[in-house]
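Results of the structural survey
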Amino acid sequence: MELKINGHDTEIIFGLAFNREIDTIYKVEGQGLVFGAGLDTLLPQLYAESAVALSEVIYHGTAHIKKGRPSGHQVDIYIEEAENLDNLFEQVISALGEANVSKKKLAMWKKQLQIND
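In short, a report on the structure. Values in this document were obtained by computation on a predicted structure and should not be read as measured data.

**Considerations on helix α6 (residues 103–112)**
Those residues of α6 not exposed but buried are Leu106, Trp109 and Lys110. Buried residues of α6 fall within an arc of 105° about the axis and therefore sit on the same side. Looking at α6, the residues exposed on the side facing more than 90 degrees away from the buried face are Lys104, Lys111 and Gln112. Of the surrounding secondary structure, the elements contacted by the buried residues of α6 are α2 (38–47) and α5 (85–98). Just beyond α6, the residue with positive phi is Gln114, at close to 55°.

Now the structure itself:
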């Protein structure tokens, strides 16, 4: 998916770089074990239409960008100025549902939250 953030076309990819980055931020620790819980933390918040979670997901969807990556603040401004926030949520959830590393987890959360398309 592509968004125009801070005046630049920005490709948002929900791949391994995205997943790795969110798993380092959102994790579960216990008995000496550490598990990444990025998708398990952010997906229910997206379904609850949390603008903060939407910003996090979009920002971390730029983890693959080596030069010229938008800042979290720039993503926040993009969301604050979005003309149709409902559509943006739908676009992001749809893209997550198509991405190889997140589609299975997304389907699991949809079932658990009893969300029908």
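**With respect to the packing of helix α3 (residues 51–60) against α5**
Where α3 contacts α5, the axes come no closer than 11 Å and their chain directions differ by 45°. By the criterion of interaxial angle, the relationship of α3 to α5 is oblique. Where α3 crosses over α5, the handedness of that crossing is left-handed. Of the residues in α5, those touching α3 at Ala51, Leu54, Val57 and Ile58 are Leu85, Leu88, Phe89, Val92 and Leu96. Partitioned by chemical class, the residues of the contact of α3 with α5 number 9 nonpolar, no polar and no charged.

**Some thoughts on the nonpolar core**
If you look at the biggest cluster of nonpolar residues, it comprises 27 residues, and the most contacted ones within it are Phe14, Leu46, Leu54, Val57, Ile58, Val92 and Leu96. Looking at this core, the elements with two or more residues in it are β1 (2–5), α1 (16–25), α2, α3, α4 (72–80), α5 and α6. For this core, the element with the most residues is α5, which contributes 6 residues.

Reading the values: the criteria
Residues numbered from 1 in each chain as written. Predicted model: local features only at pLDDT ≥ 70, side-chain atom pairs only at ≥ 80, totals over all residues. Heavy atoms only, no water. Buried < 20%, exposed > 50% of the residue type's maximum accessible area, 1.4 Å probe, protein only. Helix = DSSP H or I, 4+ residues; strand = E, 2+ residues; numbered from the N terminus. Arc of directions from axis to C-beta. Contact = heavy atoms within 4.5 Å. Axes fitted to C-alpha atoms, helices over the stretch in contact; angles between N-to-C directions. Parallel < 35°, antiparallel > 145°, perpendicular 65-115°, else oblique. Left-handed = near helix turned anticlockwise from the far one by under 90°. Nonpolar A, V, L, I, M, F, W, Y, C, P; charged D, E, K, R; others polar. Core = buried A, V, L, I, M, F, W, Y, C linked by side-chain atoms within 4.5 Å.

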